[in-house]
Amino acid sequence: MEAAGAGTPTQPPAPHPAVAPLAFLLGKWRGEGEGSFPTISSFRYGEELLFSHHPSKPVISYAQKTWKAASGEPMHAESGYWRPRPDGTVEVVIAQSTGLAEIQKGSYDAEKKMVTLQSELVGNASKVKQITRAFQVADGELSYIVQMATITTSLQPHLKALLKKI
Ligand code: HEM
């Protein structure tokens, strides 16, 4: 006898109501990006991003890893938690593989599928003073821009990437 449910397509569980407005982020994304800053040589990288959740929790788990586009050698990685609020604001904590820790606050627009974040706290950083992050999903692709300000350089882009859902 067949197990109950065999042969029926499985639907992903509905997200927690707090997470629902950011459901456009959920899933695994993969693509390529370019890094730059006035003080460094620009570089290309591959990236995988995972936004996951459990329907009982009002939070999205975030995990990112990157690698050198040419060789596949691992580069920067980071992970954290996104807490969207019903008033359209969002609070994010991120731990980077370099030891740097971020608390980001910002807002989302569920219609435009956009999230913008500004650092409220950058901890354990020798050079970084400020970090902003902007994400958008359009035509099924996730793009983002990360900007930073350092002790020597004003706020400007460090990373830009375009990822597809996998
Ligand atoms: C350089 C911060 C993400 C790769 C730097 C520098 C800083 C920095 C402060 C040195 C700039 C200077 O000396 O003026 C950050 C922050 C990140 C981030 C805060 C995230 C918010 C990444 C990612 C990658 C990456 C995701 C790789 C995919 C590099 C490379 C350099 C660099 C290759 C130049 C070489 C070096 O100094 O190590 N980054 N970074 N960074 N970053 Fe990032």
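Above this note sits the structure.
Because the structure is predicted, anything quoted here is derived from the model rather than measured.

1. Concerning the overall build of the chain
A tally of regular secondary structure across the chain gives zero helices and 10 strands. Counted from the first residue to the last, the chain has its helices and strands arranged as β-β-β-β-β-β-β-β-β-β. Overall size of the chain, expressed as C-alpha extent along the three principal axes, is 65 × 40 × 30 Å. Once local pairs closer than 6 in sequence are excluded, the contacts in the chain between residues at least 24 apart make up 37%. Accessible surface computed for the chain: about 9,500 Å², of which carbon and sulfur atoms make up 55%. Across the chain, the mean location of the 17 positive side-chain charges is 4 Å away from that of the 15 negative side-chain charges.

2. Structural notes on the side chain of Thr132
With respect to the helices and strands, the residue Thr132 is situated in strand β8 (residues 128–138). In this structure, Thr132 is in contact with Leu117, Gln118, Ile145, Val146, Gln147 and Leu155, ignoring residues within four places of it in sequence.

3. Description of the site of the ligand
Near the ligand lie 17 residues; those nearest to it are Thr39, Phe43, Gln96, Lys127 and His158. Thr39 places a polar side-chain atom, nitrogen or oxygen, 2.6 Å from an oxygen atom of the ligand. At 3.0 Å, a side-chain N or O of His158 approaches a nitrogen atom of the ligand. Of all the elements in the fold, those that place two or more residues in the shell around the ligand are β2 (43–52), β3 (60–68), β4 (74–84), β8, β9 (141–150) and β10 (156–165). Looking at the shell around the ligand, the element that brings in the most residues is β8, giving three residues. A class-by-class count of the residues in the shell around the ligand yields nine nonpolar, six polar and two charged.

4. Remarks on the side chain of His16
Mapped onto the elements, His16 comes out in the segment before β1 (27–35). Polar side-chain contacts of His16 include one of 3.0 Å to the backbone nitrogen of Ala18. Among residues more than four places away in sequence, those in contact with His16 are His53, Pro55, Ser56, Lys57 and Pro58.

5. Things to note about the coordination of the iron atom of the ligand
On the protein, His158 (NE2) is the one donor atom to the iron atom of the ligand, at 2.2 Å. With respect to the element layout, His158 can be found in strand β10.

6. Overview of the sheet that holds β1
Ordered in space as β1-β2-β3-β4-β5-β6-β7-β8-β9-β10, the 10 strands form a closed barrel in which the pairing is antiparallel. Within the sheet, the average angular offset between the axes of one strand and its neighbour, ignoring direction, is 25°. Pairing of β1 with β2, which is carried by nine bridges, proceeds in the antiparallel orientation. Looking at β2, one finds that Glu34 is bridged to Arg44.

7. Looking at the pairing of β3
As paired elements, β2 and β3 share eight bridges and run antiparallel to each other. The residue of β3 that forms the bridge with Tyr45 is Lys68. The pairing of β3 with β4 spans seven bridges and is classified as antiparallel. Across the sheet, the residue bridging to Ile60 is Trp82, located in β4. Counting the residues in the hairpin turn of β3 and β4 gives five residues, including Gly72, whose phi is positive at 80°.

Procedures and definitions
Residues numbered from 1 in each chain as written. Predicted model: local features only at pLDDT ≥ 70, side-chain atom pairs only at ≥ 80, totals over all residues. Heavy atoms only, no water. Helix = DSSP H or I, 4+ residues; strand = E, 2+ residues; numbered from the N terminus. Contact = heavy atoms within 4.5 Å. Areas by Shrake-Rupley, 256 points an atom, 1.4 Å probe, with all protein chains shown as cover. Lys, Arg positive; Asp, Glu negative; His and termini not counted. Charge placed at Lys NZ, Arg CZ, Asp CG, Glu CD. Near = heavy atom within 4 Å. Polar contact = N/O pair within 3.5 Å; in protein donor to acceptor, adjacent residues only side chain to side chain. Nonpolar A, V, L, I, M, F, W, Y, C, P; charged D, E, K, R; others polar. Donors = N, O, S within 2.8 Å, 3.2 Å for Na, K, Ca; no water. Pairing = 2+ DSSP bridges. Axes fitted to C-alpha atoms, helices over the stretch in contact; angles between N-to-C directions.

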